[in-house]
2 protein chains.
Amino acid sequence: MKPTGDIVIGLPKIKDIMAAADRIKGYAVQTPLIEHPVLNEVCGGRVLLKAENLQRVGAFKFRGAYNKICQIDGEEYPGGVVACSSGNHAQGVAAAASLCGLQSVVVMPLDAPRLKIRRTKELGAQVVTYDRDTGDRDAIARAISEERNAAFVHPFNDSDIIAGQGTLGIELMAQAAAKDAAPAQLLIGASGGGMLSGVTIAAKHFDPGIDIYVVEPDGFDDFSRSLKSGEIESNKRSSGSICDALLSPSAGAIPFAIVRDTIVGGLSVSDDEVRKAVRFAFNELKLVLEPSGAVTLAALLSGKLQTKNLVSVAILSGGNIDPDLFSEIIRAS
Amino acid sequence: MKPTGDIVIGLPKIKDIMAAADRIKGYAVQTPLIEHPVLNEVCGGRVLLKAENLQRVGAFKFRGAYNKICQIDGEEYPGGVVACSSGNHAQGVAAAASLCGLQSVVVMPLDAPRLKIRRTKELGAQVVTYDRDTGDRDAIARAISEERNAAFVHPFNDSDIIAGQGTLGIELMAQAAAKDAAPAQLLIGASGGGMLSGVTIAAKHFDPGIDIYVVEPDGFDDFSRSLKSGEIESNKRSSGSICDALLSPSAGAIPFAIVRDTIVGGLSVSDDEVRKAVRFAFNELKLVLEPSGAVTLAALLSGKLQTKNLVSVAILSGGNIDPDLFSEIIRAS
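Each chain has its residues counted from 1, following the order in which its sequence is written. Naming scheme: in the order in which they are written, chains are lettered from A and ligands are numbered from 1. Restriction of local features to residues with pLDDT of at least 70 applies here, the model being predicted, together with a cutoff of 80 or more for giving and counting side-chain atom pairs; totals for whole chains, interfaces and linings are based on all residues. Just so you know, side-chain values use all the structure's heavy atoms and leave hydrogens and water out.

This paragraph deals with the pairing of strand β10 (residues 311-316) of chain A. All names here are of chain A. Counting buried positions along β10 gives 6 out of 6 residues, so the element sits mostly inside the fold. Burial along β10 is two-sided: the face carrying Val311, Val313 and Ile315 and the face carrying Ser312, Ala314 and Leu316 are both buried. Strands were regarded as paired on the criterion that DSSP finds at least two bridges between them. Helix and strand definitions follow DSSP, with helices as H or I runs of at least four residues and strands as E runs of at least two, each counted in order from the N terminus. Sheet analysis places strand β7 (residues 185-189) next to β10, joined by 3 bridges and oriented parallel. Bridge assignment links Gln185 to a residue of β10, and that residue is Ser312. For the exposure calls, accessible area comes from a 1.4 Å probe over protein chains only, and a residue counts as buried if that area is under 20% of its type's maximum, exposed if over 50%, partly exposed in between.

With that settled, consider the state of the cysteines. Residues and elements named next belong to chain A. In this description, the term disulfide denotes a pair of cysteine sulfurs within 2.5 Å. Using the criterion set out here, one finds 0 disulfides over all chains in the structure. Take Cys70: it sits in no disulfide, and the sulfur closest to it among the cysteines is that of Cys100, at 5.6 Å. Note on Cys70: relative accessible area 29%, which makes it partly exposed.

With that settled, the discussion passes to the domain arrangement of chain A. Residues and elements named next belong to chain A. In this entry, domain limits derive from an automatic or database-based domain assignment. Each domain of chain A was delimited in the assignment, giving domain 1 (14-59 + 159-331) and domain 2 (62-153). Of note, the centres of domain 1 and domain 2, computed from C-alpha atoms alone, are 23 Å apart. The contact criterion used is simple: two residues touch if any of their non-hydrogen atoms lie within 4.5 Å. Taken together, the contact pairs 32 residues of domain 1 with 26 residues of domain 2. In this description, buried area is defined as the sum, over both parts, of the accessible area (probe of 1.4 Å) that is lost when the two are combined. Taken over both partners, the interface formed by domain 1 and domain 2 buries close to 2400 Å², and the fraction arising from carbon and sulfur atoms is 52%. Whenever a carboxyl oxygen of Asp or Glu lies within 4 Å of a side-chain nitrogen of Lys or Arg, that contact is scored as a salt bridge. Joining domain 1 to domain 2, the criterion identifies 6 salt bridges.

Attention now goes to the relation of the copies chain A and chain B. Superposition of the copies was done by least squares, using only C-alpha atoms of residues whose pLDDT is at least 70 in both. Its rotation angle being 180°, the transformation that places chain A on chain B also includes 0.0 Å of axial translation and leaves an RMSD of 0.0 Å. What the rotation and shift describe, once combined, is the action of a two-fold rotation axis. The residues that chain A uses at the interface reappear at the interface of chain B in 100% of cases, marking a shared surface.

A few words on the sheet that holds β10(A). Residues and elements named next belong to chain A. Ordered by their spatial adjacency, 6 strands build an open sheet running β1-β2-β10-β7-β8-β9, and the pairing between neighbours is mixed. Looking at the sheet topology across the chains shown, the edges are occupied by β1 (33-35) and β9 (265-269). Going across the sheet, the axis of each strand differs from the next one's by a mean of 25°, ignoring polarity. Across 5 bridges, the pairing between β7 and strand β8 (residues 211-217) is parallel. Along β8, the bridge assignment pairs Leu187 with Tyr213. For every element, the axis is a line fit to its C-alpha atoms; helices are fit only across the contacting stretch, and the angle between N-to-C directions ranges from 0 to 180 degrees.

It is worth spelling out helix α6 (residues 137-148) of chain A at this point. Residue and element names in this part refer to chain A. Along its 12 residues, α6 runs 16 Å from first to last C-alpha, staying within 8% of the 16 Å computed at 1.5 Å per residue. Inspection of α6 places Arg137, Ala141, Ile144 and Ser145 among the buried residues, and these make up the whole buried set. Buried residues of α6, seen end-on, are gathered within an arc of 105° and therefore sit on one face of the element. On the buried face of α6, the contacting elements are β3 (81-84), β4 (104-109), β5 (126-130) and β6 (151-152). Here a polar contact is recorded for every N or O atom pair within 3.5 Å, except that within protein the pair must consist of a potential hydrogen donor and a potential acceptor, and residues adjacent in sequence are included only if both atoms are side-chain atoms. Two or three places before Asp138, at the opening of α6, Asp136 has a side-chain oxygen 3.1 Å from that residue's backbone nitrogen. Two residues or fewer after α6 comes Asn149, characterised by a positive phi angle close to 55°. Residue count minus one, scaled by 1.5 Å, sets the expected span of a helix. Taking the helix axis as origin, the arc is that swept by the directions to the C-beta atoms.

Listed per partner, the contact involves 30 residues of chain A and 30 residues of chain B. Of the roughly 2500 Å² buried where chain A meets chain B, counting both sides, 57% is carbon and sulfur surface. On inspection of chain A and its partner chain B, the count reaches 6 salt bridges. At the junction of chain A and chain B, the tally comes to 15 residue pairs in polar contact (both at pLDDT 80 or more). Tallying contributions element by element places helix α13 (residues 323-331) of chain A first for the side of chain A that touches chain B, with 6 residues. Three classes are used: nonpolar for Ala, Val, Leu, Ile, Met, Phe, Trp, Tyr, Cys and Pro, charged for Asp, Glu, Lys and Arg, and polar for all others, with Gly counted as polar. In terms of residue class, the side of chain A that touches chain B is built from 14 nonpolar, 8 polar and 8 charged.

Looking now at the pattern of salt bridges. Pairing between side chains of opposite charge can happen when the charged atoms of each approach one another. According to the stated counting rule, one finds 38 salt bridges over all chains in the structure shown. For A:Lys68, the salt bridge is made with A:Asp160, and the minimal N-O distance between the two is 3.7 Å. Taken together, the residues span a long stretch of sequence, with A:Lys68 in helix α3 (residues 61-69) and A:Asp160 in helix α7 (residues 159-178) at a distance of 92 residues. Classification of A:Lys68 by relative accessible area gives buried; the value is 3%. Salt-bridge contacts for B:Lys50 lead to B:Glu171; the nearest nitrogen and oxygen are separated by 2.7 Å. One end of the pair, B:Lys50, is in strand β2 (residues 46-51); the other, B:Glu171, is in helix α7 (residues 159-178), with 121 residues separating them in the sequence. Shared partners join several salt bridges into a network, and the residues in it are A:Lys50, A:Glu52, A:Arg63 and A:Glu171.

This is the structure in structure tokens:
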């Protein structure tokens, strides 16, 4: 018995990401790379948006979850899978497990958006809640894993998860090339860094000269600080940002090992800048973004990066937002 | 002097649409053809969505307006252009005129969505309002055209406008082929029929066997009735549907001549079905749709058409919706 599942701790290579792309084909959406003249005008250069809010389950997380879970042997893990997540990995795991004929349990914070909890259940998972400030979600998930003989699916510190998220990097580089665009810089949001690291491997494979920036909410900029100090830093708080999906206390060891000498640096954005980006996406782009999915757009719109006469690519990572919060944001002026 | 502008009244051919595609290249967005597993599951077949809500100005109308206006000689028409529109053609004309260095005046109904009036002004047009139930917008626009020596840009009864809208039909057929999909049927919303007829020419050029359906709001189904009677029928009312962009009193003569023997028939949808579709697009597709832009999705979701084991394509024509109305719709359950 392997009570914590087969967590793969090696560093993934481009061939692992390409293998993941084969596995998820036909299950994940090949999301569009969107270019909009209004955003180009605002930024004074070309901006390409990888719209992962249009992904299955409304966030990129399905890619990694499916790549991981489709390789899990149901006979070896009769309890299926267990995961902890603030909501998007939860939905990815629930959807992937259902597609693979496995049961799933997801440990979610009590203050997760109601929409995310409801959708995770609708996708077939059993949801167990915990208090974000006092509970230890990993401990709870591992206990469930042992009890049920279920494979633990880590949200980011797993080579298969990272390879799955990296598939969007392969896609976006090919899509940019098809638009005759050579991206100078790439903006990626991060919490634990699964997508950040997977996409970094893919993007650097196709263009070693591309500059990659991590974008985080103000006060949750552990990745930025870790890049400066060279060690994994932690956030002081575990709640208190509108970006509910980007509150992981610190970077994963595997993601950090991948990006520490590879990416240029970090940017952080305020809740207010994120709200403006969500509103811009509604008004101009006609896309539904959740706050965490809009941090890269927020960084661009608030001029945190030089974009003039450059090609910039930003990943819009998700769109799972409660209708009440979305209404509040789009009705403000 | 040609006070009503150079309205082109011949029937456009596929070569005219291809020429239009060349003209709008680099100005219009090549919008994605989106496929989402949840919608496929609901419909029991593949559904491909041409997301024209992601077009410049948030609706397909920019295509036709730019194709028309970029051919207008500013010396011949020193007053620029004049148009009448409930809001999306207005924005298309305003944006195209600004890009071409021409002035624009748009005649809009008093009850047009505030967002559409505001955005039309922001795009550089002067807006003149009229009462939808008592005023004659064409007469007002023609008077302005004569007074200012401005070219009149009809919203649909013009071969150049139809050819411009038809460009999205070329795109979607190529995009469907790239997804290894051979569409059996194509759903298109219609008011005056400019897009309907342009896309019909393009789609039938690439696949003469494709079945095309026009979708209209309940009570504004003049196209459906016209197809049955063989003559251009009118709607009794000029207001009273949530689909503010689909209230034209009757089909244009040129569009009707193109589609009368070509398309299969009509479907109509209720306001409530449209609201459900807008909500579905928010929750599942993460797209912002205006009611008029969601009629085809409404027809699919409410099962008005057999979709099982077929490939269906639906055009999502626009996403310009007031935040208050959008909030009301997404918060309802």
